[in-house]
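A structural walkthrough
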Amino acid sequence: MPTKPSDMINQYSTHLVFADREMTPNLGPILDERLIVKNVLIAYTPNLIENAKRLKTIYNAHNIKAELRPIEPAFEISDIVSDLKNLVKEIPYEQLAFNISCASKMYTLSVFKAFENTPVGLYYLLPNDQFKWIQPNGLAEFNIADNLQLEEFLHAHGIEQMDAVKLTPSQASFANGLVNAIQKIILQQHALTTYQFFSTHFARGKSFKLILHNEHYYLNEINSHTRINADLLVGFLRKLHNQNILCLNMNDNEISPRAEHDGWRRTFFEGGWLEYYTYRAILELKAEIPKLKDVAFGVKLQRENAHDEADVLFIANNQLFIVECKTGANVNVNLHLQRLDSLKNRLGGVTAHGLLVTTEDIGANLNKANLLNVGVIDGKQLMDLKTHLKHWILNEISHTWQRKE
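Residues numbered from 1 in each chain as written. Predicted model: local features only at pLDDT ≥ 70, side-chain atom pairs only at ≥ 80, totals over all residues. Heavy atoms only, no water.

**Thoughts on a negative patch on the surface**
What counts here: Patch membership requires over 30% relative accessible area and the absence of a salt bridge. Like charges are linked within 9 Å, and nonpolar side chains (Val, Leu, Ile, Met, Phe, Trp, Tyr) within 5 Å. Methods summary: accessible areas were calculated by the Shrake-Rupley approach with a probe of 1.4 Å, and residue burial reflects only the protein chains presented. Salt bridges are counted wherever a side-chain nitrogen of Lys or Arg sits within 4 Å of a carboxyl oxygen of Asp or Glu. Counted charges follow a simple rule, with Lys and Arg positive, Asp and Glu negative, and His plus the chain ends left uncounted. By convention, the charge on Lys lies at NZ, on Arg at CZ, on Asp at CG and on Glu at CD. Helix and strand assignments come from DSSP, with helices taken as H or I runs of at least 4 residues and strands as E runs of at least 2, each series counted from the N terminus. For every residue, the accessible area obtained with a 1.4 Å probe (protein chains only) is divided by the maximum for its type, and the residue is called buried under 20%, exposed over 50%, and partly exposed between those limits.
Residues Glu72, Glu76, Asp79 and Asp83 make up a contiguous surface patch of negative charge. Residue placement: glutamate 76 occurs in the loop between strand S3 (65–70) and helix H4 (77–87). With a relative accessible area of 48%, glutamate 76 lands in the partly exposed category.

Okay, structure coming up:
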């Protein structure tokens, strides 16, 4: 009886992968339970031994046996062919598959020369996480299962320690109350300038007062003419006061907020709210985007003696998504775009995705963002943040293949 295609992919119990700085193509297929991988040979050159060791650790954590197989750099295809055959000489070809996703051009050519038209399976992973068989013919492509978790993904890319913010119930109640008020009052009224005036003064302990005169409020004095909508600010502050998010001093015709002594709350007023607003919207999108997994915010990362921070991280389609959130009129958009581009490459390789969410207008920096393949959601779009996030995530998932380097 001939072997059915569904049985054929299960017969390859041993897979050989080539260690590389790009880790995802060597993880997704091996961890996909449909392939039933039992053993992995990790071929590595001396400069990639640490990457190979990290692969082995993750395979073992998923109850897959793994062996490190060193290979010396070679420059003649005939030598590489001989080395490859020796590397797998004890394995029946009917049970062996090669993942060439991370192989160099020389090794890819050598694999073909050594094993083309043999029972050995040959495959690679497209950047959009589509699994493609080269040999044998006739096996269907399929999308790799979403089996990578955030912490495991980061460990694969050399991050030794990851610490994400975990809010207490009291902090979560405060955070949701403030973000709801900002969304319903400040963003709906396009009053970010007003909010940022308040938050900067409040977070840094600077005093100010709102004075009532002829049924309107003024900032500090009744002759004041500023861009601050003082009536709106009073309504916003009263809402926060009624929800015990802050305390107001209210005397005769004057209103002023009392100083906040909790450092975490002060930081949240000034900029943390945007980070949490973004994190909360992405959490809600998990119900609408099945490939979106494992969201974290306020993440501190450590690799040896180097430290990094990321505002929001999540996994979608087995790829890393990084979101940086920046508030305030002094935001250096150009600088943050460059940092985000560097961060996504360090943490997730060429298939990682970066997005800048800012209260400011992106303006002329949009060209720079496009050149760096970094998405942007600016102040004009924050009212519909969830909609813009959903569009960006789905677009990044569907167009990953176009950005393969």
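**Let's talk about empty space enclosed by the protein**
Put simply, the test is: Put plainly, a pocket is an open set of points on a 1 Å grid over the protein atoms alone with protein on both sides within 12 Å along at least five of seven lines, a cavity is a set where a 1.4 Å probe fits but cannot get out, and a lining residue has an atom within 4 Å of a point. Grid points are joined across faces, edges and corners, and a volume is the space filled by probe spheres set on the points. In this count, Pro and Cys sit with the nonpolar residues alongside Ala, Val, Leu, Ile, Met, Phe, Trp and Tyr, while Asp, Glu, Lys and Arg are called charged and the others, Gly among them, polar.
Under the criterion given, the structure shown has two cavities of 30 Å³ or more. What the largest cavity holds in volume is close to 100 Å³. Lining the largest cavity are eleven residues, and of these Pro25, Leu125, Leu126, Pro127 and Thr351 sit closest to its centre. When its residues are assigned to classes, the lining of the largest cavity shows five nonpolar, three polar and three charged.

**Considerations on the sheet that holds strand S16 (residues 353–358)**
The test is simple: What makes two strands pair is DSSP finding at least two bridges between them. Axis angles are defined between N-to-C directions and span 0 to 180 degrees, where every axis is a line fitted to C-alpha atoms and, for a helix, only to the segment in contact. Any two residues whose heavy atoms approach within 4.5 Å are treated as being in contact.
The strand order S8-S13-S14-S15-S16-S17 describes an open sheet built from six strands, whose pairing is mixed. What marks the edges here is a single partner per strand, and that holds for strand S8 (161–163) and strand S17 (374–377). Here the strands of the sheet are splayed against their neighbours by 35 degrees on average, with no regard to which way each runs. As judged from the five bridges shared by strand S14 (residues 306–316) and strand S15 (residues 319–326), these two strands associate in the antiparallel manner. The residue of S15 that forms the bridge with phenylalanine 314 is phenylalanine 321. Across the face of the sheet, helix H13 (residues 385–399) comes into contact with strand S13 (292–303), S14, S15, S16 and S17 while running at roughly 165 degrees to S16.

**Regarding the packing of aromatic side chains**
Worth spelling out the cut-off: Here a pair means two rings of Phe, Tyr or Trp (six-membered ring of Trp) with centres within 6.5 Å. Their orientation is stacked below 30 degrees between planes, edge-to-face above 60, and tilted elsewhere.
With the rule as written, the count across this model stands at 28 aromatic pairs. With a centroid separation of 5.5 Å and an interplanar angle of 75 degrees, the aromatic rings of tyrosine 93 and phenylalanine 115 are classed as edge-to-face. Here the residue tyrosine 93 occupies a position in the loop between H4 and strand S4 (96–99), and phenylalanine 115 occupies one in helix H5 (residues 105–115), the gap between them amounting to 22 residues. Ring geometry for tyrosine 195 against phenylalanine 198: centres 5.7 Å apart, planes inclined by 65 degrees, an arrangement best described as edge-to-face. Taken together, the residues span about one helical turn, with tyrosine 195 and phenylalanine 198 both in helix H8 (residues 192–203) at a distance of three residues. A single burial state applies to tyrosine 195 and to phenylalanine 198, both of which are buried.

**Digging into unusual backbone geometry**
One can expect most non-glycine residues to show negative phi and most peptide bonds to be in trans. Cis geometry marks the peptide bond from glutamine 135 to proline 136, where omega comes out at 0 degrees. Mapped onto the secondary structure, proline 136 falls in the loop between strand S6 (130–135) and strand S7 (142–143). Of note in this structure, asparagine 63 is not a glycine but carries a positive phi near 60 degrees. Turning to its location among the elements, asparagine 63 is positioned in the loop between helix H3 (49–61) and S3. Non-glycine residue glutamate 215 carries a positive phi angle of around 70 degrees. On the basis of relative accessible area, glutamate 215 is assigned to the exposed category, the value being 74%.

On their own, these measurements won't tell you what the molecule is for.
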